[in-house]
Amino acid sequence: MTVFAVEYVYAADSTEARNEARPAHREWTGTLAQDGAILASGPYGDGAGALLIFKAADEAGLNSILKQDPFAAAGVIAGIRITEWSPVTGVLAGLAA
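As a starting point, this report considers the structure included with it.

Scoring rules and cut-offs
Residues numbered from 1 in each chain as written. Predicted model: local features only at pLDDT ≥ 70, side-chain atom pairs only at ≥ 80, totals over all residues. Heavy atoms only, no water. Helix = DSSP H or I, 4+ residues; strand = E, 2+ residues; numbered from the N terminus. Buried < 20%, exposed > 50% of the residue type's maximum accessible area, 1.4 Å probe, protein only. Salt bridge = Lys/Arg side-chain N within 4 Å of Asp/Glu carboxyl O.

Brief notes about unusual backbone geometry
Here comes step 1: In this structure, D13 is a non-glycine residue whose phi angle is positive, near 60 degrees.
Here comes step 2: With respect to the helices, strands and loops of the structure, D13 is situated in the loop between β1 (2-10) and α1 (15-34).

Below is the structure:
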């Protein structure tokens, strides 16, 4: 499994739509966390986006998961940056194998 850092950039003027989709989005992330696919997630302090840390077999599998995000269905994500990440220190160290 590979660890990926996923950065969301929210669409301008999407606050209302995000607020409406947030309960479903949090349910989705919660289920993925229970399944071990999401290691951590949360919004940036400035409200412009979010960081999600995933564990997935590969980037294609991760993209399939991301398409299921209620935020994606609501059209509130303007951009996504996916980066393979190798945590070497801290509580996530050693997860990438």
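Some details on the environment of T31
Here comes step 1: Its place among the elements puts T31 in helix α1.
Here comes step 2: Relative accessible area serves as the criterion here: at 39%, T31 is assigned to the partly exposed category.
Here comes step 3: Distance in space between the C-alpha atoms of T31 and I80 is 21 Å, their sequence separation being 49 residues.

A look at the pattern of salt bridges
Here comes step 1: Counted according to the given criterion, the structure contains one salt bridge.
Here comes step 2: E7 serves as the salt-bridge partner of R81, at 3.2 Å between the closest nitrogen and oxygen. Taken together, the residues R81 in strand β4 (residues 77-85) and E7 in strand β1 connect sequence positions 74 residues apart.
Here comes step 3: Classification of E7 by relative accessible area gives partly exposed; the value is 26%.

What is shown is where atoms sit, not what they do.
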